[in-house]
Amino acid sequence: MNTDLQLINDGDGLAVIGDPTAVERFLVSEGLPSRDLGLARLGSAFNATAGAAQVGSEIAANSGRWVKLTKESAQALSKHPLMKGSTADTSRAVLTENGKIKGILQLVRTPGSMLSNPALLAGAAGLMAQLAMQQTMDEITDYLAAIDEKVDDVLRAQKDAVLADMIGAGFVIEEGLTVRDQVGRVSDVTWSKVSLTSITIARTQAYALRQLDALAEKLENKTKVGDLAKAAKDAETTTREWLAVLARCFQLQDAIAVLELDRVLDTSPDELDLHRLAIRAARQNRVELISRCTERLLARIDAAVDTANTKVLLHPTASPAVVNSGNQVATTVHDFRGRLGIERDRKSSDAKRWVDAAGETRDRMLETGAEGVDAAKRIGAETLDRAKAVTGKLSSGIGIAGRALRRRGDGEAETAKEA
């Protein structure tokens, strides 16, 4: 058995390629869940290239599995230091089972024998991109099921024509995925149907983003706690629904990209890598657009909560309601952002209790009162000291004047006596 394993890391996932038995032993040893990379699909795509027979034999002799890169999988891969391999570009991994060494594998982290062919390397990278997007699609499906067991009913209940168009486009895209799975490729007929749906999905995404922006503006324009409580409560359900629409759009856009890469692989395999990079950039732009929109909504929720907590004494019922609704909205938004790989740390806001607020107000009043008493004492003491100083000066002045008068009187008496 050939124990060489070739690893490709594209930032989203890890491809493990090599002898089928060695690949399986490595993944089981590390406890890594994986999906079939689908290397066999590259064989037909490169039939017309030079050395097609050699490429085909290399593909047939190897197996490929894809592992999503997460904190857990990264930790599993780095839990033990790799030993130096037989060549400069290889490392050796020790396979263990129940604490006992079961084998040693050579890990090639740079393109090795099979992947020395640039076309094959580009093809493998394209397959990895498809699997990463399919993984996200599956996670969004789980997300939609978690927030509402009847999310399809929620979407279909919308009366907006743009959402109805999105639902119809979803049927076409899902049909394309089904045909692709059955046939193994994306035909001209399938692609002609699917390619027309991208504009519809983009329009629906823009519509959903505008609705979320409108929610943020509505919260921003409310200054009274009672109005904030009503707006925040309305936002609980509305936010969940529009995030469901946005998640569905993102899922369908990924599905279109998967079919698009298949189409390029089938018609222009030499352009696959450039197309993969372009799709990756466009997808990242969508993520950033959604990130900015949801961040604005979170900022308005935080501001509403802060406002409510400062006015809890005057609104002991409405203020906690704003905080509770705000936390519900924030939790929903962060769950959605996490599915798209947008991370942001946030702690739930605590509703300030009326008793606590009253206690804080009392303490401030007592503190202010104590400061006033101290100030009065200081002022009184300073005034008394100044009064004493003035009195002392007056007494001194009177004494000097009296002595002067006495001396003057004595002088006049002497003059009269002499006369």
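First things first, this report covers the structure right here in the doc. Just so you know, these numbers come straight off a predicted model, no measurement behind them.

Here the focus is the overall build of the protein chain. Scanning the protein chain for helices and strands turns up 13 helices and 7 strands. Per-residue burial over the protein chain gives 40% buried out of 419 residues. Counting only contacts in the protein chain whose residues sit at least 6 apart along the sequence, the fraction spanning at least 24 positions is 74%. Taken as a whole, the protein chain presents about 23000 Å² of accessible surface, with 54% of it coming from carbon and sulfur.

A few words now on helix 10 (residues 225–267). Between its first and last C-alpha, helix 10 extends 60 Å over 43 residues, near the 63 Å set by a 1.5 Å rise per residue. Taken as a whole, helix 10 carries its principal kink of about 35° at Glu236. For helix 10, a buried count of 31 out of 43 residues is recorded, marking the element as mostly surrounded by other parts of the structure.

It is worth spelling out the packing of helix 10 against helix 12 (residues 318–339) at this point. The contact between helix 10 and helix 12 brings their axes to 8 Å, and the two run at 15°. In terms of orientation, helix 10 lies roughly parallel with respect to helix 12. Crossing geometry of helix 10 relative to helix 12 is assigned as left-handed. Every residue of helix 12 that contacts helix 10 at Val225, Leu228, Ala229, Ala232, Lys233, Ala235, Glu236, Thr239, Arg240, Leu243, Leu246 and Ala247 is listed here: Ala318, Ser319, Val322, Ser325, Gln328, Val329, Thr332, Val333 and Phe336. Counted by class, the contact of helix 10 with helix 12 contains 13 nonpolar, 5 polar and 3 charged residues.

This part is about the packing of aromatic side chains. As enumerated under the stated definition, the model contains 2 aromatic pairs in all. Seen from their ring centres, Tyr143 and Phe336 are 5.9 Å apart, and the 50° between their planes marks the pair as tilted. Placement of the pair is Tyr143 in helix 5 (residues 118–147) and Phe336 in helix 12, with a sequence separation of 193 residues. By relative accessible area, which is 0% here, Phe336 ends up buried. Both rings, one in Tyr207 and one in Trp242, keep their centres 5.6 Å apart while their planes meet at 65°; by these two values the pair is edge-to-face. Taken together, the positions of Tyr207 in helix 9 (residues 198–220) and Trp242 in helix 10 put the pair 35 residues apart, joining distant regions of the chain. We note that Tyr207, like Trp242, is buried. The ring of Phe250 is capped by Arg286, whose NZ or CZ atom sits 5.1 Å from the centre of that ring.

Mapped onto the secondary structure, Ser291 falls in helix 11 (residues 272–310). The spatial distance from the C-alpha of Ser291 to the C-alpha of Glu343 is 9.4 Å, given a sequence separation of 52 residues. Every residue in contact with Ser291, bar those within four places of it in the chain, is listed here: Arg337 and Ile342.

This next bit is on the environment of Val287. Looking at the element boundaries, Val287 is found in helix 11. Counting along the chain gives 54 residues from Val287 to Gly341, while the straight-line C-alpha distance between them is 8.5 Å. Not counting the four nearest positions on each side in its chain, Val287 is found in contact with Phe250, Leu340 and Ile342.

Bridge count for strand 1 (residues 4–9) against strand 2 (residues 13–18) is 5 bridges, and the pairing is antiparallel. Across the sheet, Leu7 pairs through a bridge with Val16, a residue of strand 2. Counting the residues between successive antiparallel strands, the hairpin from strand 1 to strand 2 contains 3 residues, one of them, Gly11, with a positive phi of roughly 95°.

We now examine the pattern of salt bridges. Under the counting rule described, the total for this entry stands at 21 salt bridges. The closest approach of N and O atoms between Asp12 and Arg280, which form a salt bridge, is 3.3 Å. Taken together, the residues span a long stretch of sequence, with Asp12 in the loop between strand 1 and strand 2 and Arg280 in helix 11 at a distance of 268 residues. Classification of Arg280 as partly exposed rests on a relative accessible area of 36%. A salt bridge links Arg296 to Asp213, with the nearest nitrogen and oxygen atoms 3.0 Å apart. Here Asp213 lies in helix 9 and Arg296 lies in helix 11, a separation of 83 residues in the sequence. Because the salt bridges share partners, they merge into one network encompassing Arg41, Arg180, Asp181 and Asp262.

This paragraph deals with the packing of helix 11 against helix 12. With their axes 9 Å apart at the nearest point, helix 11 and helix 12 run at an angle of 160° to one another. The angle between helix 11 and helix 12 falls in the class roughly antiparallel. In this structure, the crossing between helix 11 and helix 12 has a hand that is left-handed. The residues of helix 12 that touch helix 11, namely those facing Ile290, Ser291, Thr294, Glu295, Leu297, Leu298, Ile301, Ala304, Val305, Ala308 and Asn309, are Ser319, Val322, Val323, Gly326, Val329, Ala330, Val333, His334, Phe336 and Arg337. Residue composition of the contact of helix 11 with helix 12, grouped by class: 13 nonpolar, 6 polar and 2 charged.

Rules and cut-offs
Residues numbered from 1 in each chain as written. Predicted model: local features only at pLDDT ≥ 70, side-chain atom pairs only at ≥ 80, totals over all residues. Heavy atoms only, no water. Helix = DSSP H or I, 4+ residues; strand = E, 2+ residues; numbered from the N terminus. Buried < 20%, exposed > 50% of the residue type's maximum accessible area, 1.4 Å probe, protein only. Contact = heavy atoms within 4.5 Å. Areas by Shrake-Rupley, 256 points an atom, 1.4 Å probe, with all protein chains shown as cover. Expected span 1.5 Å × (residues − 1). Bend = angle between axes of the 7 residues up to and from the residue. Axes fitted to C-alpha atoms, helices over the stretch in contact; angles between N-to-C directions. Parallel < 35°, antiparallel > 145°, perpendicular 65-115°, else oblique. Left-handed = near helix turned anticlockwise from the far one by under 90°. Nonpolar A, V, L, I, M, F, W, Y, C, P; charged D, E, K, R; others polar. Phe/Tyr/Trp six-rings, centres within 6.5 Å; stacked < 30°, edge-to-face > 60°. Lys NZ or Arg CZ within 6 Å of the ring centre and 35° of its normal. Pairing = 2+ DSSP bridges. Salt bridge = Lys/Arg side-chain N within 4 Å of Asp/Glu carboxyl O.

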